Amino acid sequence: MEGVSYARMPRVKIRELKDDYAKFELRDTDASIANALRRVMIAEVPTIAIDLVEIEVNSSVLNDEFIAHRLGLIPLTSARAMSMRFSRDCDACDGDGQCEFCSVEFHLRAKCMTDQTLDVTSKDLVSSDHTVVPVDFSDSSGLESSDNRGVIIVKLRRGQELKLRAIARKGIGKDHAKWSPAATVTFMYEPEIHINEDLMESLTLEEKKEWIDSSPTQVFQIDPVTQQVTVLEPEAYSYDDEVIKKAEAMGKPGLVEVTARQDSFIFTVESTGAVKASQLVLNAIEILKQKLDAVRLSEDTVEADDQFGELGAHMRGG
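Residues numbered from 1 in each chain as written. Predicted model: local features only at pLDDT ≥ 70, side-chain atom pairs only at ≥ 80, totals over all residues. Heavy atoms only, no water.

S.K.: With reference to specific residues and values, describe the packing of aromatic side chains.
M.R.: All told, the structure shown has 6 aromatic pairs when counted by the stated rule. Here the aromatic cluster, defined as three or more aromatic residues joined through ring pairs, consists of Phe24, Phe187, Tyr189, Phe265 and Phe267. One residue, Lys170, lies across the ring of Phe86, its end atom 4.5 Å from the ring centre. The ring of Trp179 has Lys178 lying over it, and the distance from NZ or CZ to the ring centre is 4.9 Å. (Phe/Tyr/Trp six-rings, centres within 6.5 Å; stacked < 30°, edge-to-face > 60°. Lys NZ or Arg CZ within 6 Å of the ring centre and 35° of its normal.)

The structure is reproduced here in structure tokens:
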């Protein structure tokens, strides 16, 4: 119908937020937008990762290609990745990908001089840019443990040595997984759970407990005072239908009704550490907006061609 707007204004509600983890609700939209946001977070938000490795000395037990691959998968802090240039588009170095505008240089020099095995880790990588360094996975307690030594690249024995130069560049997960800023991005339809109170009251206390225990996740609970079954955590429901099957087996079909809200989604985002989870979501939204603007511009171009024919194409140089 002409004059009718189908525009929707999605809303976001943050449930939990950490540097590497975010859980939020996306409401008033549909699955196409939710899935587009998920895919952009995984594959199109840019980060910085090691892309070129020049090995000068390697007398370790790992071959050059293996070490280069391990270096590429080390997450690097990528807060400025959005403002960096892609090496292929950099006019400062003619696409060579080795200038300050599109790359960051790393050096690593390690040699074992004792009988004790030397662990060469991401903390041994020396960066030319203090804003782009390997992600620090140290635990806040500061205790000396295997968790705060960085990502192990290789182990060296007495006399073994590793010396190399590496170039990190901007990229996206669509080109290679090493550039993906997301460890995990999932979403689920928000469930709506309705309990038939009349049928529930016809069950004994033991039957109620048995029905609740049939759920693989802790969705329901019994009020210790009223002994009524209530919904504890709706989003914990995994759409397994176990409680529905149990109700039917007990001769109480319709005891509970579970429906999925088609316009509300619960997102869980885990970052590799290259970009904070909150920034990952914001960057993905910005990229999605750019894609939608490109589609709108393309539609305007088609309409201009329809209206002006060959003249419109000729004005664009076509």
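S.K.: Could you give an account of the sheet that holds strand β8 (residues 161-171), naming the residues involved and the relevant values?
M.R.: Strand order in the open sheet made by the 4 strands is β3-β8-β4-β6, with antiparallel pairing throughout. Single-partner strands in this sheet number two, and they are β3 (47-58) and β6 (126-127). Of the strand pairs in this sheet, strand β4 (residues 103-111) and β8 are connected by 9 bridges, and their pairing is antiparallel. Residue pairing in the sheet places Glu105 in a bridge with Ile167 of β8. Of the strands in this sheet, β3 and β8 are in contact with helix α2 (residues 64-72), which crosses β3 at around 150°. (Pairing = 2+ DSSP bridges. Helix = DSSP H or I, 4+ residues; strand = E, 2+ residues; numbered from the N terminus. Contact = heavy atoms within 4.5 Å. Axes fitted to C-alpha atoms, helices over the stretch in contact; angles between N-to-C directions.)

S.K.: Account for the pairing of strand β1 (residues 11-17), naming residues and giving values.
M.R.: Of the strand pairs in this sheet, β1 and strand β2 (residues 21-27) are connected by 6 bridges, and their pairing is antiparallel. Residue pairing across strands places Val12 opposite Leu26, the latter belonging to β2. Counting the residues in the hairpin turn of β1 and β2 gives 3 residues.

S.K.: I'd like a rundown of helix α4 (residues 205-213), residues and numbers included.
M.R.: Considered for burial, the residues of α4 that qualify are Lys208, Trp211 and Ile212. On an axial view of α4, the arc spanned by its buried residues comes to 100°, and they lie on one face. Exposed residues pointing more than 90 degrees away from the buried face of α4 are listed as Glu206 and Asp213. Looking at the packing, one finds that the buried side of α4 touches α3 (197-201), β10 (220-222), β11 (229-231), α5 (242-249) and β12 (256-271). (Buried < 20%, exposed > 50% of the residue type's maximum accessible area, 1.4 Å probe, protein only. Arc of directions from axis to C-beta.)

S.K.: How would you explain the nonpolar core if you had to name every residue and give the values?
M.R.: Ranked by size, the top nonpolar core spans 23 residues in total, and within it Ile50, Leu71, Leu76, Phe106 and Leu108 carry the most contacts. Looking at this core, the elements that each hand over two or more residues are β3, α2, β4, β7 (152-156) and β8. Those residues within four positions of Phe106 in sequence are excluded, and the remaining contacts are Ile50, Leu76, Leu125, Val126, Ser127, Val132, Val133, Pro134, Leu164, Arg165, Ala166 and Ala168. Counting residues in hydrophobic clusters, the runner-up holds 21 residues, among them Val185, Ala277, Leu280 and Leu288. (Core = buried A, V, L, I, M, F, W, Y, C linked by side-chain atoms within 4.5 Å.)

S.K.: How would you sum up the pattern of salt bridges? Please name residues and give values.
M.R.: Enumeration according to the criterion identifies 24 salt bridges in this entry. Note that Asp19 is salt-bridged to Lys276, the shortest N-O span being 4.0 Å. Linking Asp19 in the loop between β1 and β2 with Lys276 in the loop between β12 and α6 (277-308), this pair joins segments that are 257 residues apart in sequence. The same class applies to Asp19 as to Lys276, namely exposed. Across the salt bridge formed by Arg296 and Asp293, the nearest N and O atoms sit 2.9 Å from each other. (Salt bridge = Lys/Arg side-chain N within 4 Å of Asp/Glu carboxyl O.)

S.K.: How would you sum up the environment of Pro181? Please name residues and give values.
M.R.: Summarising the element assignment, Pro181 is placed in the loop between β8 and β9 (182-195). Excluding its chain neighbours within four sequence positions, the residues that come into contact with Pro181 are Met41, Ile42, Val45, Thr47, Glu270, Ser271, Thr272, Val275 and Leu280.

S.K.: Mind laying out the sheet that holds β2, listing which residues take part and the relevant values?
M.R.: Taken in spatial order, the 4 strands of this open sheet run β1-β2-β12-β9, and their pairing is antiparallel. Looking at strand neighbours, the two that pair on one side only are β1 and β9, the edges of this open sheet. Looking at each pair of strands side by side, their axes are set apart by 30° on average, direction ignored. Sheet strands touched by helix α1 (residues 31-43): β2, β9 and β12. Its angle to β9, the strand with the most contacts, is close to 155°.

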